[in-house]
Protein chains: 2
Amino acid sequence: MDTSAGPDAPGTPDLPYDVFARACPSRRTLEHVTGRWGALTLGALHEGSLRFNELRRRVDGVSEKMLSQTLHALERDGLVHREAQLVNPPRVDYRLTPLGRRITDRLLALMTSVETGMDEVVAARVRYDERHGDPVRG
Amino acid sequence: MDTSAGPDAPGTPDLPYDVFARACPSRRTLEHVTGRWGALTLGALHEGSLRFNELRRRVDGVSEKMLSQTLHALERDGLVHREAQLVNPPRVDYRLTPLGRRITDRLLALMTSVETGMDEVVAARVRYDERHGDPVRG
DNA sequence: CAGCATCCAGCTTGATACTG
DNA sequence: CAGTATCAAGCTGGATGCTG
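Keep in mind the model is a prediction, meaning the values are calculated, not measured.

Asks: Which parts of the structure should I look at to understand the packing of aromatic side chains?
Replies: Two numbers describe a pair of aromatic rings. These are the distance of the centres and the angle of the planes. Counted under the stated rule, the structure contains 0 aromatic pairs over all chains. The ring of Phe20(B) has Arg58(A) sitting right over it, with the charged end atom 4.7 Å from the ring centre.

Following this line, the structure appears as structure tokens:
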């Protein structure tokens, strides 16, 4: 089943990058992609190109600062393309790059599987909180 | 193309949960799954059952406290099963639940796609840093 | 509209020490 | 081994004010 050998976990392809390694740059990128705002921003952009304030409304709860920061990180990683038109009022569109789309496809599959499993999650939480006399957790 | 209508984004199935909504509990669960340590912990457990300190070594850089906290959250969400044997020295095994496995399958697909795209990401960063005179970013 | 700069509260995190 | 308790520090992120 596993014809390769290397620094990666058994069963995974032998890539030069390994998110499990603390020093690997892929770890930072994974954090940008899966971070609280990164994931939602990418997910929102999956539908198509959006402007800054459209994104802000779409990603419920994000602040201007965090959205700006998130977009910079994603743009730098080559996942999001920023296109500014020199008009007044200013118009800037953000959209996924091909790489961003490949990654976001997987990300959305993950998000959907979480949403799909939520009934089970909620039930599990009730059971857990019953067994432990526990007050409040995230 | 889209036979449903509801609070979700166009094109997505009409589930009762929506990660894009600030108040939806699925958002918390998504954060547990994609969080810095949650993702790596689930990924490590995908291979099979692991003990606490095995996990610690596998998830490079995680502290005892963070691993403990992460495992509690994932256990409460019903993604990880904890099995303690009353022996001396104590032995506790963690493994994915069926729900946890379904979600982790998607998570690993995402992680792999990030690793696979890293050459492109690194190249994009170089280009970005050239265009902007920027010193250091994450 | 599309941001950047600053301030600062508080949550997250990592060490460290200790328990069963 | 498998954790819990405590504490300091630093980073995250929200609010505010301003620019082009």
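Asks: Sorry, what's going on with the sheet that holds strand β3 (residues 91-96) of chain A here?
Replies: Across a sheet, strands are paired by hydrogen bonds formed along the backbone, either parallel or antiparallel in direction. Residues and elements named next belong to chain A. If you trace the 3 strands from one edge of the open sheet to the other, you get β1-β3-β2, paired in antiparallel fashion. Since the sheet does not close on itself, it has two edges, and those belong to β1 (50-51) and β2 (80-85), each with one partner. Pairing of β1 with β3 involves 2 bridges; the strand directions are antiparallel. Within the sheet, the bridge partner assigned to Arg 51 lies in β3 and is Asp 93. On top of the sheet, helix α2 (residues 36-45) reaches β1, β2 and β3; it is set at about 95° to β3, its chief contact.

Asks: Whenever I open this one, the protein's contact with DNA strand D confuses me. Can you help?
Replies: By nearness alone, 20 residues border DNA strand D, and Lys65(A), Glu64(B), Ser68(B), Arg82(B) and Tyr94(B) come closest of all. In the interface set of DNA strand D, defined as its atoms within 4 Å of the protein, sugar plus phosphate atoms amount to 56%. Contact between DNA strand D and Glu64(B): a base oxygen at 2.6 Å from a side-chain N or O atom of the residue. Counting only elements with at least two residues in the surface near DNA strand D, the list comes to α2 and α4 (64-76) of chain A together with α3 (52-58), α4 (64-76) and β3 (91-96) of chain B. The element best represented in the surface near DNA strand D is α4(B), accounting for 4 residues. Partitioned by chemical class, the residues of the surface near DNA strand D number 8 nonpolar, 4 polar and 8 charged.

Asks: Could you clarify how one ought to interpret the interface of chain B and chain A in this entry?
Replies: It is common to give the size of an interface as the accessible area lost on bringing the parts into contact. Taken together, the 59 residues of chain B in the interface contact 59 residues of chain A. Around 5900 Å² of area is buried between chain B and chain A when both sides are counted, 62% of it from carbon and sulfur atoms. It is Phe20(B), Arg76(B) and Glu115(B) that lose the most area in chain B upon contact with chain A, and together they represent 15% of the buried surface on that side. The interface formed by chain B and chain A contains 6 salt bridges. The set of elements that each furnish at least two residues to the side of chain B that touches chain A consists of α1 (25-34), α2 (36-45), α4 and α5 (98-131) of chain B. Sort the elements by how many residues they give to the side of chain B that touches chain A and α5(B) lands first, with 23 residues. Its residues placed into classes, the side of chain B that touches chain A shows 26 nonpolar, 13 polar and 20 charged.

Asks: Even after reading the chapter, I still don't get the relation of the copies chain B and chain A, so can you show me in this structure?
Replies: Each of the two chain copies can be brought onto the other by rotation about an axis and movement along it. Structural alignment of chain B on chain A gives an RMSD of 0.0 Å, achieved by rotating through 180° and translating 0.0 Å along the axis. The relationship between the two copies is best expressed as a two-fold rotation axis. Minimal C-alpha separation from the rotation axis in chain B is found for Thr34(B), amounting to 2.7 Å. An overlap of 100% is found between the interface residues of chain B and their copies at the interface of chain A, pointing to a shared contact surface.

Asks: Could you clarify how one ought to interpret the protein's contact with DNA strand C in this entry?
Replies: Surveying the vicinity of DNA strand C reveals 18 residues, the closest of which are Glu64(A), Ser68(A), Arg82(A), Tyr94(A) and Lys65(B). Taking the atoms of DNA strand C that fall within 4 Å of the protein, sugar and phosphate contribute 52% of them. Contacts to DNA strand C include Lys65(B), whose side-chain N or O atom sits 2.2 Å from a base oxygen. The dominant element in the surface near DNA strand C, judged by the number of residues it contributes, is α4(A), at 4 residues. Across the surface near DNA strand C, the residue classes break down as 8 nonpolar, 4 polar and 6 charged.

Asks: Help me understand the layout of surface pockets in this model?
Replies: Residues and elements named next belong to chain A. Estimated volume of the largest pocket: approximately 520 Å³. In terms of lining residues, the largest pocket is bounded by 20 residues, among which Glu 31, Thr 34, Gly 35, Arg 36 and Trp 37 are the most central. Residue composition of the lining of the largest pocket, grouped by class: 7 nonpolar, 8 polar and 5 charged.

Asks: Where do I start with the pairing of β3(B) in this structure?
Replies: All names here are of chain B. Pairing geometry for strand β2 (residues 80-85) and β3, over 6 bridges, is antiparallel. Counterpart to His 81 in the pairing with β3 is Arg 95. Hairpin connection, β2 to β3: the antiparallel pair is bridged by 5 residues.

The rules behind the values
Residues numbered from 1 in each chain as written. Chains lettered and ligands numbered in written order. Predicted model: local features only at pLDDT ≥ 70, side-chain atom pairs only at ≥ 80, totals over all residues. Heavy atoms only, no water. Phe/Tyr/Trp six-rings, centres within 6.5 Å; stacked < 30°, edge-to-face > 60°. Lys NZ or Arg CZ within 6 Å of the ring centre and 35° of its normal. Pairing = 2+ DSSP bridges. Helix = DSSP H or I, 4+ residues; strand = E, 2+ residues; numbered from the N terminus. Contact = heavy atoms within 4.5 Å. Axes fitted to C-alpha atoms, helices over the stretch in contact; angles between N-to-C directions. Near = heavy atom within 4 Å. Polar contact = N/O pair within 3.5 Å; in protein donor to acceptor, adjacent residues only side chain to side chain. Nonpolar A, V, L, I, M, F, W, Y, C, P; charged D, E, K, R; others polar. Buried area = accessible area lost by both parts, 1.4 Å probe. Salt bridge = Lys/Arg side-chain N within 4 Å of Asp/Glu carboxyl O. Least-squares fit on C-alpha atoms with pLDDT ≥ 70 in both. 1 Å grid on protein atoms, 1.4 Å probe; cavity = no way out; pocket = protein on both sides within 12 Å on 5 of 7 lines; lining within 4 Å. Points joined across faces, edges and corners; volume = space filled by probe spheres on them.

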